[in-house]
Amino acid sequence: MADRRLGHKKGCIMGKTLSIIKPDGVARQLTGEIIARLEKNDLKIIAMKMIHMNLAQAEGFYSVHKERPFFKSLTEFMSSGPAVVMVLTGENAIVRYRELMGATNYKEAKEGTIRKDFATDIEKNVVHGSDAVETANFEINYFFNSFEIVA
Ligand code: CMP
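Only a predicted model underlies this, so the values are computations on that prediction, with no experimental measurement involved.

Draft legend 1. Structural view of the sheet that holds strand E2 (residues 44-51). Reading across from one edge, E2-E3-E1-E4 is the order of the four strands in this open sheet, with antiparallel pairing throughout. Taken across any chain shown, the strands that pair with only one partner, and hence form the sheet edges, are E2 and strand E4 (127-129). Each strand axis lies, on average, 20 degrees off the axis of its neighbour in the sheet, ignoring direction. In this sheet, strand E3 (residues 83-91) lies alongside strand E1 (residues 14-21) in antiparallel orientation, the contact comprising eight bridges. The partner of Lys16 across the bridge, within E3, is Thr89. Each of E1, E2, E3 and E4 touches helix H2 (residues 31-40); the most contacted strand, E3, lies at about 10 degrees to it.

Draft legend 2. Spotlight on the site of the ligand. The full set of residues close to the ligand is Lys22, Tyr62, His65, Phe70, Leu74, Thr104, Arg115, Ile122, Glu123, Asn125 and His128. Within the side chain of Lys22, one N or O atom sits 2.7 Å away from an oxygen atom of the ligand. Here an oxygen atom of the ligand sits 2.9 Å away from a polar atom, N or O, in the side chain of His128. For the ligand, the accessible surface in isolation is 450 Å², of which the surrounding protein chains cover 80%.

Draft legend 3. A look at unusual backbone geometry. Even without being glycine, Asn92 reaches a positive phi, approximately 45 degrees. On the secondary structure map, Asn92 appears in the loop between E3 and helix H5 (93-101). Phi angles above zero are rare outside glycine, and Val126 is one such case at about 75 degrees. Take Val126: it is sitting in the loop between helix H6 (114-118) and E4.

Draft legend 4. Region of the structure containing the pattern of salt bridges. Enumeration over the complete set of coordinates arrives at six salt bridges. Here Asp117 ties to Arg37 by a salt bridge, and the two come within 2.9 Å at their closest N and O atoms. Of this pair, Asp117 sits in helix H6 while Arg37 sits in helix H2, and the two are 80 residues apart along the sequence. For Arg37, a relative accessible area of 16% gives the class buried. The closest approach of N and O atoms between Glu111 and Lys116, which form a salt bridge, is 4.0 Å. Within this structure, Glu33, Arg37 and Asp117 form a network of salt bridges that share partners.

Draft legend 5. Just the nonpolar core, in detail. Membership of the largest hydrophobic core comes to 20 residues, with the highest contact counts inside it found for Leu18, Ile20, Met78, Val87, Phe143, Phe144 and Ile149. For this core, the secondary structure elements donating two or more residues are E1, E2, helix H3 (55-61), helix H4 (71-78), E3 and helix H7 (133-143). A total of four residues in this core trace back to one element, the largest contributor, which is H4. Ranked by size, the runner-up nonpolar core spans 19 residues in total, among them Val84, Ala93, Met101 and Val126.

Criteria and cut-off values
Residues numbered from 1 in each chain as written. Predicted model: local features only at pLDDT ≥ 70, side-chain atom pairs only at ≥ 80, totals over all residues. Heavy atoms only, no water. Pairing = 2+ DSSP bridges. Helix = DSSP H or I, 4+ residues; strand = E, 2+ residues; numbered from the N terminus. Axes fitted to C-alpha atoms, helices over the stretch in contact; angles between N-to-C directions. Contact = heavy atoms within 4.5 Å. Near = heavy atom within 4 Å. Polar contact = N/O pair within 3.5 Å; in protein donor to acceptor, adjacent residues only side chain to side chain. Areas by Shrake-Rupley, 256 points an atom, 1.4 Å probe, with all protein chains shown as cover. Salt bridge = Lys/Arg side-chain N within 4 Å of Asp/Glu carboxyl O. Buried < 20%, exposed > 50% of the residue type's maximum accessible area, 1.4 Å probe, protein only. Core = buried A, V, L, I, M, F, W, Y, C linked by side-chain atoms within 4.5 Å.

This is how it looks when you write it as structure tokens:
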């Protein structure tokens, strides 16, 4: 059954998604472990950099959540330290990366997922991944220009 929102249809679709190793993941030196999990699962890194967002940049990235009660806390956390941003590609990349991450709330995440293994809080949940094709396009373009993404 096709799920167009997630760019997920029967068969192979190469897709792109944005991944962030959040400030908690970088501070806890989980970057290498998380990248190893991506690569072992055939998600290929085609762009990567370390950034330290200021508050305005974090607010712009999460503007879709600006009415949510957790917006202030989330954007302060996301601008509290360095993060690693990556563009991943692979078959059904959006869906497969979300499966690797696990549920937003780590208490509901499946065994063996990144959030189940490492998250400490619904906010400090170690990683972010795009949730749909349109979101992925916005998020990738938010951090990377075309010269920074390898073919
Ligand atoms: P992320 O996948 O980056 O998308 C939005 C983020 O908001 C989410 O992960 C969490 O880090 C954060 N967040 C904090 N509180 C909540 C909440 N109650 N529900 C959903 N997301 C939350």
